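Listed below, chain by chain, are the residues.
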Amino acid sequence: MAPKTKESNPIRVGVVGVGRGLSMGGSNSTSGLQLVALCDTWQERLQQAGERLGVETYTDFDEFLSHEMDAVILANYFHQHAPFAIKALAAGKHVMSETAACHTLGEGVALVEAVEKSNLTYMFAENYPYMAYNQEMRRLYQKGHIGDFQYGEGEYVHPDPASIKLGRSCGYDHWRNWIPSTYYCTHSIAPVMDACVVYF
Ligand SMILES: NC(=O)c1ccc[n+]([C@@H]2O[C@H](COP(=O)([O-])OP(=O)(O)OC[C@H]3O[C@@H](n4cnc5c(N)ncnc54)[C@H](O)[C@@H]3O)[C@@H](O)[C@H]2O)c1
């Protein structure tokens, strides 16, 4: 029998959120993923994406979870990932959460408990440590060229012209317009952690 490979046996993935989410779960043999379903409450955008990618679409998260798939990628609103992750784990799906895990400490505790109970894989996705300049800083730090890390603060500042900012954060109540800048700290903190933490 031919051995199972990521090409012959890809992870079937459903993605929630067709903004950033469309850059996730792309079906190709290199990633080992196969995009099988999309979920979004923004019907027009969802339909366009579903037709373009040729996958099933859902506006209801519970219905989406009944789709035959192995894992769910969460790219819905930044501050709403934990309840979605907990539900997906309870439905037997592995979870990857894009750049945000939870909105409160209480949600964080509930999420950890749900992961422990599930025996499934939960991944927190943060891409900045893999950028070339952050990799180079990591290399320089680990060679001892920079000194010892003492103290760090993380915040996310994303300077854009108004037209881009408004396009990205449509609506007065959009999460990008009100979350405290320290909440979206992973883009800053993750490269520092990656450089300074010694892996055993
Ligand atoms: N790593 C990076 O560089 C990077 C870049 C952009 C965004 N992100 C992260 O990705 C996530 C999404 O970001 P975005 O810019 O696409 O946000 P967005 O607010 O533009 O899009 C979120 C999408 O989720 C949908 N959605 C909201 N509630 C839903 C629900 N209950 N059910 C189904 N769909 C729902 C919305 O309709 C929208 O299409 C955020 O957590 C953000 O931090 C990461």
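See above for the structure.
Okay, so let's go over this structure. Keep in mind the model is a prediction, meaning the values are calculated, not measured. (Residues numbered from 1 in each chain as written. Predicted model: local features only at pLDDT ≥ 70, side-chain atom pairs only at ≥ 80, totals over all residues. Heavy atoms only, no water.)

### Focus: the pairing of strand E4 (residues 71-74)
Burial of E4 is two-sided: the residues Ala71 and Ile73 facing one way and the residues Val72 and Leu74 facing the other way are all buried. Where strand E1 (residues 11-16) meets E4, four bridges bridge the pair, whose relative direction is parallel. Counted as the bridge partner of valine 15 is isoleucine 73 from E4. Sheet topology places E4 next to strand E5 (residues 94-98); four bridges connect them, and they run parallel. Within the sheet, the bridge partner assigned to leucine 74 lies in E5 and is serine 97. Regarding the hand of the β-α-β motif, the stretch spanning E4, helix H3 (residues 81-90) and E5 is right-handed. (Buried < 20%, exposed > 50% of the residue type's maximum accessible area, 1.4 Å probe, protein only. Helix = DSSP H or I, 4+ residues; strand = E, 2+ residues; numbered from the N terminus. Pairing = 2+ DSSP bridges. Right-handed = clockwise from strand over helix to strand, strands pointing away.)

### Some words on the nonpolar core
Counting residues in hydrophobic clusters, the biggest one holds 18 residues, and the most contacted among them are Val16, Phe61, Phe64 and Val72. Secondary structure elements with two or more residues in this core: strand E2 (33-39), helix H2 (61-65), E4, H3 and helix H4 (105-118). Each residue touching valine 72, except ones within four places of it in the same chain, is listed here: Gly14, Val16, Phe64, Leu65, Ala88, Lys93, His94, Val95 and Met96. (Core = buried A, V, L, I, M, F, W, Y, C linked by side-chain atoms within 4.5 Å. Contact = heavy atoms within 4.5 Å.)

### Looking at the site of the ligand
Among the 24 residues in the neighbourhood of the ligand, the closest are listed as Arg20, Asp40, Arg45, Asn127 and His174. The separation between an oxygen atom of the ligand and a polar side-chain atom of aspartate 40 is 2.6 Å. Asparagine 127 places a side-chain nitrogen or oxygen 2.7 Å from a nitrogen atom of the ligand. A molecule is said to occupy a pocket when more than half its atoms come within 2 Å of that pocket's grid points, and by this definition the ligand occupies the largest pocket. Partitioned by chemical class, the residues of the shell around the ligand number 10 nonpolar, nine polar and five charged. Taken together, domain 1 (11-125) and domain 2 (128-196) each give at least three residues to the shell around the ligand, which thus spans both. (Near = heavy atom within 4 Å. Polar contact = N/O pair within 3.5 Å; in protein donor to acceptor, adjacent residues only side chain to side chain. 1 Å grid on protein atoms, 1.4 Å probe; cavity = no way out; pocket = protein on both sides within 12 Å on 5 of 7 lines; lining within 4 Å. Sits in = over half its atoms within 2 Å of the grid points. Nonpolar A, V, L, I, M, F, W, Y, C, P; charged D, E, K, R; others polar. Domains from an automatic or database assignment.)

### Here's the deal with the side chain of histidine 79
For histidine 79, the location among the structural elements is in the loop between E4 and H3. Side-chain polar atoms of histidine 79 contact the side chain of glutamine 80, separated by 3.5 Å. When neighbours within four sequence positions are excluded, histidine 79 is seen to be in contact with His103, Glu107, Trp175 and Trp178.

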